[in-house]
Amino acid sequence: MSTSSSNPPHALTLVAAEMRTVDQVIQQRLNSDVPLVGQVAQYIISAGGKRVRPALLLLTCGALGCEHPERHNMAAVVEFIHTATLLHDDVVDESTLRRGRDTANEVFGNAASVLVGDFLYTRAFQMMVAPGDLRILEILAEATNVIAEGEVHQLMNMHDASLDEQAYLRVIRAKTAKLFEASSRLAAILAGADAQTEAHCADYGQALGAAFQIIDDVLDYEGDAAELGKNLGDDLREGKVTLPVICTLQRCSADEAALIREAIEQGNTERLDEISAIVRRCGGLDDARRAAQVEAQRAVDAARALPANLWSQAMAEFAASLLERRA
């Protein structure tokens, strides 16, 4: 099943009407008396994207039969936290292209991007107080903190060609999977679910997020720039050691390993085509896809542990569809 924007997976179609309500909440809560805040926030929010994390919260609510009146607000909170991380990430990574257009830092400058990212974080925290539930605050505060730690871990690992799979997984489980996990766990909290059901929801989100990031890292070496909406080879330029490269370094020749290590340490993409060919030939992409498949299957198993209905079935299908993701 394709997950391209022209053919969205059934899971996202299932919550499309509710997501329009979430988009209305997002637009309402972006209001600020400071014009630049609204300009930058609107620029990145309007860039689109599938809104996977808020959709995940709503899907899980559907699976648990939850119609809590705060679910759309909490979905918007999750999207604000995610968007704030994107604004900060693009500054740190010196990225110039996201979702097929110039990044906010490229258009408005680094200072504006960082400060508007801070605005989105603080607006999210204003909104998460509204339900008056300390568990919601606990989950979202912890997630935001873990994401920040993941970003710092990744910064520390930049240009380090000796990074191993365990260290890589630790970063992506913090940086990416944690907000997926928080999204699905929040749904369980809103539903008043028991501890075991909450654990299944959290497991689903964490596994889905890990698979999502691994596939994203695969596509940096084999994707299409037009489909991805970002520059290929950005990971290499930024000195990020991702799973396809880690797997390749375990299989390739000494000369090939030296070439890859030099590119990582120098952030040099001049020989990107050659390195991409090595990664493909040595099975780095295949190995990484198998690792994503393990995570996707873990998500499928967690979804199947939830009440059997249209939404939990869609959650399982969505996890399986990630392996065919091209954008």
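Residues numbered from 1 in each chain as written. Predicted model: local features only at pLDDT ≥ 70, side-chain atom pairs only at ≥ 80, totals over all residues. Heavy atoms only, no water.

### As for the overall build of the protein chain
In step 1: A tally of helices and strands in the protein chain yields 18 helices and 2 strands.
In step 2: Computed over C-alpha atoms, the radius of gyration of the protein chain comes to 19 Å, within 12% of the 20 Å expected from 2.2 N^0.38 for 327 residues, which places it in the range of a compact globule.
In step 3: Principal axes of the C-alpha set define a box for the protein chain whose edges measure 60 × 45 × 35 Å.
In step 4: Out of the 327 residues belonging to the protein chain, those deemed buried represent 56%.
In step 5: Per element, the accessible surface of the protein chain, about 13,800 Å² overall, is 49% carbon and sulfur. (Helix = DSSP H or I, 4+ residues; strand = E, 2+ residues; numbered from the N terminus. Rg over C-alpha atoms; globule rule 2.2 N^0.38 Å. Buried < 20%, exposed > 50% of the residue type's maximum accessible area, 1.4 Å probe, protein only. Areas by Shrake-Rupley, 256 points an atom, 1.4 Å probe, with all protein chains shown as cover.)

### A look at the confidence of the model for the protein chain
The predicted coordinates of low-pLDDT regions are not to be read in fine detail.
In step 1: On average, residues of the protein chain carry a pLDDT of 91, and 94% of them reach 70 or more.
In step 2: The least confident element of the protein chain, judged by mean pLDDT, is helix H12 (residues 225-228) at 55; the most confident is helix H10 (residues 177-191) at 98.
In step 3: The model gives residues 1-7 a pLDDT under 50, and that stretch makes 14 contacts with residues more than four places away or in other chains. (pLDDT = per-residue confidence, 0-100. Contact = heavy atoms within 4.5 Å.)

### Things to note about the nonpolar core
In step 1: With 74 residues, the main nonpolar core has Leu 57, Ile 81, Leu 140, Tyr 204 and Leu 208 as its most contacted residues.
In step 2: Among the elements that make up this core, the one with the highest residue count is helix H5 (residues 71-93) (10 residues).
In step 3: In this structure Leu 208 touches Leu 56, Phe 180, Ala 299, Phe 318, Ala 319 and Leu 322, once residues within four positions along its chain are discounted.
In step 4: Membership of the second largest hydrophobic core comes to 33 residues, among which are Leu 169, Ile 172, Cys 252 and Val 279. (Core = buried A, V, L, I, M, F, W, Y, C linked by side-chain atoms within 4.5 Å.)

### Observations concerning the layout of surface pockets
In step 1: Within this model, the second largest pocket holds a volume of roughly 210 Å³.
In step 2: Going through the elements one at a time, H5 and helix H8 (134-157) are the ones with two or more residues in the lining of the second largest pocket.
In step 3: Classifying every residue of the lining of the second largest pocket by side-chain character gives 6 nonpolar, 3 polar and 3 charged. (1 Å grid on protein atoms, 1.4 Å probe; cavity = no way out; pocket = protein on both sides within 12 Å on 5 of 7 lines; lining within 4 Å. Points joined across faces, edges and corners; volume = space filled by probe spheres on them. Nonpolar A, V, L, I, M, F, W, Y, C, P; charged D, E, K, R; others polar.)

### Brief notes about empty space enclosed by the protein
In step 1: Counted according to the given criterion, the structure contains 2 cavities of 30 Å³ or more.
In step 2: Of the voids in this model, the largest cavity is the one considered here, and its volume is about 70 Å³.
In step 3: Forming the walls of the largest cavity are Tyr 43, Ile 44, Ala 47, Asp 90, Arg 98, Arg 99, Arg 101, Asp 102, Thr 103 and Ala 104.
In step 4: Put simply, the parts of the chain that give the lining of the largest cavity at least two residues each are helix H3 (35-45) and strand S2 (101-102).
In step 5: Across the lining of the largest cavity, the residue classes break down as 4 nonpolar, 1 polar and 5 charged.

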